[in-house]
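# Understanding the architecture of this molecule
Read off the chains here:
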Amino acid sequence: MINNVVIIGSQWGDEGKGKIVDILTEKADMVVRFQGGNNAGHTLVVGGETYALHLVPSGILHPGKKGLIAGGVVVDPDVLLEEMDKLQARGVAVAPDNLMLSERAHIIMPYHRLLDQAREGRRGEERLGTTGRGIGPAYEDKAARVGLRLGDLRDLVFFRDQAARALTEKNHLLSGLYGLPPLTLEDLAARAEVWSRRLAPYLGDTWLAIQAALARGEKLLFEGAQAVQLDLDHGSYPYVTSSNPLAGSVAVGAGLAPRLIGGVLALVKAYSTRVGAGPFPTEQDNDLGLELRRKGAEFGTTTGRPRRCGWLDAVVVRHSVKLCGADHLAITKLDVLAGLPELKIATHYLLDGEKIDFFPADIRAAERCRPVYETLPGFEGDLSRARKMADLPAAARRYLDRLSELCGAPPAFISVGPGREETITLHDYF
Ligand code: GDP
Ligand code: IMO
Ligand code: MG
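Residues numbered from 1 in each chain as written. Chains lettered and ligands numbered in written order. Predicted model: local features only at pLDDT ≥ 70, side-chain atom pairs only at ≥ 80, totals over all residues. Heavy atoms only, no water.

### Looking at the overall build of the protein
Rule in force here: Numbered from the N terminus, helices here are DSSP runs of H or I no shorter than four residues, and strands are runs of E no shorter than two. With the radius of gyration taken over C-alpha atoms, the globule rule is written as 2.2 Å times the number of residues to the power 0.38. Relative accessibility under 20% of the residue-type maximum defines a buried residue, over 50% an exposed one, and the middle range a partly exposed one, all with a 1.4 Å probe and only protein chains included. Whether two residues touch is decided by their heavy atoms; if any such pair falls within 4.5 Å, the residues are in contact. The method behind every accessible area is Shrake-Rupley, applied with a 1.4 Å probe, and residues are considered shielded solely by the protein chains displayed.
Tallying secondary structure elements over the protein gives 12 helices and 20 strands in all. For 430 residues, the compact-globule estimate of 2.2 N^0.38 gives 22 Å, and the C-alpha radius of gyration of the protein, at 21 Å, lies within 12% of that figure. Viewed in the frame of its principal axes, the protein has a C-alpha envelope of about 65 × 50 × 40 Å. Counting across all 430 residues of the protein, residues that qualify as buried make up 57%. A separation threshold of at least 6 residues defines the contact pool for the protein, and within that pool the share at least 24 residues apart is 77%. Accessible area of the protein: about 17400 Å², with a carbon and sulfur share of 52%.

### Some details on the environment of G408
As for its placement among the helices and strands, G408 is situated in the loop between α12 (394–407) and β19 (411–415). On the accessibility criterion, G408 (53% relative accessible area) is exposed. Each C-alpha atom, one on G408 and one on L329, is 9.1 Å from the other, the two residues being 79 residues apart in sequence.

### A look at the sheet that holds strand β11 (residues 263–269)
The condition that has to hold: Should DSSP find at least two bridges between two strands, the strands are taken to pair. Axes, fitted as lines to C-alpha atoms, cover a helix only where it is in contact. Angles between the N-to-C directions of the axes lie from 0 to 180 degrees.
One open sheet holds the 10 strands; their spatial order is β9-β7-β5-β2-β10-β1-β11-β15-β19-β20, and the pairing between them is mixed. Both outer strands of the open sheet, β9 (203–204) and β20 (423–425), are each paired with one neighbouring strand and no more. Where α12 meets the sheet, its contacts fall on β11, β15 (328–332) and β19, and the angle it forms with β15 comes to roughly 135 degrees.

### Considerations on the environment of D352
The test is simple: Here a polar contact means two N or O atoms within 3.5 Å. Within protein one must be a hydrogen donor candidate and the other an acceptor candidate, and residues neighboring in sequence count only if both atoms are side-chain atoms.
Within the secondary structure, D352 is located in the loop between β16 (342–351) and β17 (354–356). With 13 residues separating them along the chain, D352 and A365 place their C-alpha atoms 8.7 Å apart. A polar side-chain atom of D352 sits 2.9 Å from a polar atom in the side chain of R368.

### Notes on the domain arrangement of the protein
The line we're drawing: Domain segmentation is taken from an automatic or database assignment of domains. As a working definition, buried area equals the accessible area (1.4 Å probe) given up by two parts on being put together, with both sides summed. The working definition used for a salt bridge is a side-chain nitrogen of Lys or Arg within 4 Å of a carboxyl oxygen of Asp or Glu.
Under the domain assignment, the protein is made up of domain 1 (4–104 + 202–264), domain 2 (107–199) and domain 3 (268–425). With centres defined by C-alpha atoms, the gap from domain 1 to domain 3 works out at 24 Å. Facing the 36 residues of domain 1 at the interface are 38 residues of domain 3. Note on domain 1 versus domain 3: buried area summed over both sides is about 3000 Å², and carbon and sulfur give 59% of it. Linking domain 1 with domain 3 are two salt bridges. A salt bridge links D22 to R420, with the nearest nitrogen and oxygen atoms 2.6 Å apart. Along the contact surface separating domain 1 from domain 3 lie 22 residue pairs in polar contact (both at pLDDT 80 or more).

### Looking at the site of ligand 1
What counts here: The rule for a residue being near a molecule or strand is that one of its heavy atoms must lie within 4 Å of it. Residues are sorted three ways: Asp, Glu, Lys and Arg are charged, Ala, Val, Leu, Ile, Met, Phe, Trp, Tyr, Cys and Pro are nonpolar, and all the rest, Gly among them, are polar.
With respect to spatial proximity, 19 residues lie near ligand 1, and among them K17, G41, T43, D335 and S415 are the closest. Here an oxygen atom of ligand 1 and a backbone polar atom of G18 are 2.9 Å apart. Separating an oxygen atom of ligand 1 from a side-chain N or O atom of S415 is a distance of 2.5 Å. The set of elements that each furnish at least two residues to the shell around ligand 1 consists of α1 (17–25) and β3 (42–46). Class assignment for the residues of the shell around ligand 1 results in four nonpolar, eight polar and seven charged.

### Topic: the coordination of the magnesium ion (ligand 3)
Under the convention used in this document: Here the term donor refers to an N, O or S atom within 2.8 Å of the metal (or 3.2 Å for Na, K and Ca), and because water is left out of the atoms, sites may appear incomplete.
Taken together, D14 (OD) and G41 (O) make up the full set of protein donors to the magnesium ion (ligand 3), lying 2.0 to 2.2 Å away. Within this pair, whereas D14 is found in the loop between β1 (4–9) and α1, its partner G41 is found in the loop between β2 (30–33) and β3, the two being separated by 27 residues in sequence. Residue class for D14 comes out partly exposed when judged on its relative accessible area of 22%. Residue G41 is classed as buried on the basis of its relative accessible area of 11%.

### Comments concerning the site of ligand 2
Residues in close proximity to ligand 2 total 20 residues, the closest being K17, H42, T131, Q226 and T241. Q226 has a polar backbone atom sitting 2.8 Å from an oxygen atom of ligand 2. In isolation ligand 2 has 550 Å² of accessible area, and contact with the protein removes 98% of it. Among the residues forming the shell around ligand 2, the class breakdown is seven nonpolar, 10 polar and three charged.

### Some remarks on the nonpolar core
The cut-off we apply is this: Buried residues of nine kinds, namely Ala, Val, Leu, Ile, Met, Phe, Trp, Tyr and Cys, make up a nonpolar core once their side-chain atoms join them within 4.5 Å.
Within the largest apolar cluster, 60 residues are counted, with the highest numbers of intra-cluster contacts made by I210, F222, L334 and Y399. Broken down by element, the residue count for this core peaks at seven residues, all from α12. Discounting chain neighbours no more than four positions away, the residues touching I210 are M30, V32, L68, L220, F222, A254 and L256. Counting residues in hydrophobic clusters, the runner-up holds 42 residues, among them I69, L87, I107 and L115.

### A few points about the packing of helix α3 (residues 110–123) against helix α5 (residues 156–177)
For clarity, the cut-off: Orientation is classified from the angle alone, with under 35 degrees giving roughly parallel, over 145 giving roughly antiparallel, 65 to 115 giving roughly perpendicular, and any other angle giving oblique. The sense of a crossing depends on the near helix, which, turned anticlockwise from the far helix by less than a right angle, makes the crossing left-handed and, turned clockwise, makes it right-handed.
Two elements in contact, α3 and α5, have axes separated by 11 Å at closest approach and are oriented at 30 degrees. In terms of orientation, α3 and α5 fall into the roughly parallel class. Between α3 and α5 lies a crossing of left-handed hand. Across the interface between the two elements, Y111, L114, L115 and R122 of α3 pack against A166, L167, K170, L173, L174 and L177 of α5. Of the residues assigned to the contact of α3 with α5, the class counts are eight nonpolar, no polar and two charged.

As structure tokens, then:
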């Protein structure tokens, strides 16, 4: 019997983590975000209503469950407050008894956002395609030990002092290098006052709350954001995010000792998508890609950008399953593939004529990888009413079997639509 599960994306993000976390929350007590920030966009469809969450853990829609934003997350307080207000306006309770923020979490300051966007603008064609939310610059300052943390909002005199020091350097960059108007200390101090007044009641040391919950025998979910291919160390650098979305990151970001990790569930979209630049060996920059985008509504939850689409890449998923020790897969968006005459899965690559079965560290090599496909028969029909495997067409079951075999883990969930109930459950985690 396990008491916690880490949920991670195995491709390039947007695999449907929010939906699966929402389903698992029914039996859990606490949901913890442990890395990333509001670059994430997790969509939940409950009772026909759609919720897009960027920072607040996806368990929030279940009354009585606790959401934690742990120390490894970077938090834009303006975005967080807006999200909390929107949820409250829709009747979702958000209060210190169901949401806790780590005092160790670093703040995304307005200058981080501006620098992210200015740098991307300067790179032009060479841009990384970031979400422009200030994620990279905030993590840079954390590593450089000049960041401001949510806990610093408890002492506004100290906060102002630190912000003044930061502004000296940031304004130099903003106006000197990028020709933008400088930010004023008064503006930052005024914002900090609002942030402090509204967020201070939510602050705490989240790792202690996690320890206490484990001691009480509660069940925890760790909600990963982004995905292994966007991992700062293990993804296609530099086309990555600035945090570590792989499962092991929960040890640092949330403060959970590695040997206490109970289970790891890897999310796999039944095909591939990527938003932003970088290598994507199975990309279909053609009519098929457009069809997948249309049928799968593949537009970014955070930025609205069209997602690049392609065939499932078992090399990528296998890589993630191994790196994260995933025990099960949650395979999503199977319904989107219905109607295609045949389906392809990349089993390995040819790199300069040589067969390889891993994603190369060097992106120039990754760009030269030619996927080798296995072709399977397609299936038809509306899958969204399937609730058990027997409800699926035989060819869909065959596709799932082959996918699991190639990716190296059995499925726990098959998702056949965006709604909570549009799911086949094969393995109950709790
Ligand atoms: P996340 O970032 O991993 O949480 O995923 P996103 O929410 O960014 O993107 C997944 C999108 O697919 C959302 O719009 C979901 O509502 C939707 N979705 C999730 N599962 C399914 C599914 O099985 N079928 C279909 N058609 N849509 C799904
Ligand atoms: P969820 O949690 C998909 C991508 C961006 C860009 C790269 C770096 O919804 O799966 P950043 O703003 O993080 O510096 O951008 O990472 N990216 C995501 N792509 N889903 C996400 O989150 C993403 N978060 C960041 O598009 O390519
Ligand atoms: Mg998303």
